[in-house]
Amino acid sequence: MRKLTYFIACSIDGFIGDPSGDASSMYQFVNEEFLEFLKTQYPETISTEGRKLLGFHGVENQQFDTVIQGRASYQVALDVNITSPYAQLREIVASRTLKESPDPNVELVSDDVVARVRELKAENSRLGIWLCGGSQLAGELIDEIDELVIKTYPLVYGSGMPMFGSDFAPTAFTLDSVRVFDNGALVRAYSRTR
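Residues numbered from 1 in each chain as written. Predicted model: local features only at pLDDT ≥ 70, side-chain atom pairs only at ≥ 80, totals over all residues. Heavy atoms only, no water.

So, on to the sheet that holds strand β3 (residues 64-70). Read across the open sheet, the eight strands follow the order β5-β4-β3-β6-β1-β7-β10-β9; overall the sheet is mixed. The outermost strands of the open sheet, each flanked by one partner alone, are β5 (106-109) and β9 (173-180). Averaged over all neighbouring strand pairs, the angle between strand axes comes to 25°, with direction disregarded. Sheet analysis places β3 next to strand β4 (residues 90-94), joined by five bridges and oriented parallel. Counterpart to V67 in the pairing with β4 is E91. Against the sheet, helix α3 (residues 71-78) engages β3, β4, β5 and β6 (128-133), with an angle of about 100° to β3. Along the sheet, helix α4 (residues 113-122) contacts β1 (4-11), β3, β4, β5 and β6; its crossing angle with β4, the most-contacted strand, is approximately 160°. (Pairing = 2+ DSSP bridges. Helix = DSSP H or I, 4+ residues; strand = E, 2+ residues; numbered from the N terminus. Axes fitted to C-alpha atoms, helices over the stretch in contact; angles between N-to-C directions. Contact = heavy atoms within 4.5 Å.)

Summed over all chains, the structure comprises 14 salt bridges. In this structure, R2 engages D65 in a salt bridge whose closest nitrogen and oxygen atoms are separated by 2.5 Å. Linking R2 in the segment before β1 with D65 in strand β3, this pair joins segments that are 63 residues apart in sequence. Since its relative accessible area comes to 3%, R2 is described here as buried. (Salt bridge = Lys/Arg side-chain N within 4 Å of Asp/Glu carboxyl O. Buried < 20%, exposed > 50% of the residue type's maximum accessible area, 1.4 Å probe, protein only.)

Together, L175, V178 and V180 line one region of the surface with nonpolar side chains, adding up to about 270 Å² of accessible area. Along the chain, V180 falls in strand β9. On the basis of relative accessible area, V180 is assigned to the exposed category, the value being 58%. (Patch = residues over 30% accessible without salt bridge, like charges linked within 9 Å, V, L, I, M, F, W, Y side chains within 5 Å. Areas by Shrake-Rupley, 256 points an atom, 1.4 Å probe, with all protein chains shown as cover.)

Right, let's talk about the state of the cysteines for a bit. Under the definition given, this model contains zero disulfides. Not part of a disulfide, C10 finds its nearest cysteine sulfur in C132, a span of 14 Å. (Disulfide = S-S within 2.5 Å.)

Relative to the assigned elements, N61 resides in the loop between α2 (48-54) and β3. A distance of 3.4 Å separates a polar side-chain atom of N61 from the backbone oxygen of F64. At a separation of 3.1 Å, a polar atom in the side chain of N61 contacts the main-chain carbonyl oxygen of Q88. Excluding anything up to four places from it in sequence, N61 contacts E44, R51, Q88, L89, R126 and L127. (Polar contact = N/O pair within 3.5 Å; in protein donor to acceptor, adjacent residues only side chain to side chain.)

As a further point, take α3. When we look at burial in α3, the residues that qualify are Y74, A77 and L78. The arc enclosing the buried residues of α3, seen along the axis, measures out at 100°, which places them on a common side. Across from the buried face of α3, at angles greater than 90 degrees, the exposed residues are A72 and V76. Contacts from the buried residues of α3 go to β3, β4 and β5. (Arc of directions from axis to C-beta.)

Attention shifts here to the nonpolar core. Counting residues in each nonpolar core, the largest one holds 25 residues, and the members touching the most others are F7, F34, W130 and Y153. Taken together, the elements giving at least two residues each to this core come down to β1, α1 (32-41), β3, β6, β7 (147-153) and β10 (186-192). Top contributing element to this core by residue count: α1, with four residues. Other than its neighbours up to four places away in sequence, F34 contacts F29, K151, Y153, F181, A185 and V187. (Core = buried A, V, L, I, M, F, W, Y, C linked by side-chain atoms within 4.5 Å.)

On to the environment of A138. For A138, the position within the fold is in helix α5 (residues 135-141). Those residues in contact with A138 that sit more than four places away from it in its chain are Y6, L131, I145, M163 and F164.

Moving on, we get to the packing of aromatic side chains. For the structure shown, the criterion picks out 13 aromatic pairs. Here F64 and W130 contribute two aromatic rings whose centre-to-centre distance is 6.2 Å and whose plane-to-plane angle is 20°, an arrangement assigned as stacked. Of the two residues, F64 is situated in strand β3 and W130 in strand β6; the sequence distance between them amounts to 66 residues. Taken individually, F64 and W130 each receive the classification buried, so the pair is uniform in this respect. (Phe/Tyr/Trp six-rings, centres within 6.5 Å; stacked < 30°, edge-to-face > 60°.)

In structure tokens:
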């Protein structure tokens, strides 16, 4: 069974974006050391355009072969006329408002996203599924998430978009690793306690 991994950036206080969902204030922490980590451990999580600009477009995927994201996360790419932001992956967008996919590489799921994720998890592949965001989708999929990889940047937002847009329900995870970077960022990996 493949794993669903919520690989996400957040502030110290657990927000993945400001009240409007904008996370651009976190970009300042993607320095050379952090970028090298992403390029070697999670290259597929850098957008197709970013990979071209950074000169590693053809690098093999290390962790994931599929990405699933919500409509708001996908809209960030659409706003700059990019219809397939992660062309190196199979892209799935959960949306009740998009009626037709703007790109042949993007599959739309409009009704039972949990059932679709269960189908994806049952596929035979050595690579997992990346839950890219956002908050509401993560809340819907909380019971399907097997792993959390949280890139925490040394910022406090005070309020904003939480990691999970869901009702209160304690869900246990076990800390597997922590990597600390010179700029104060850290990456924590957790496995689902089942």
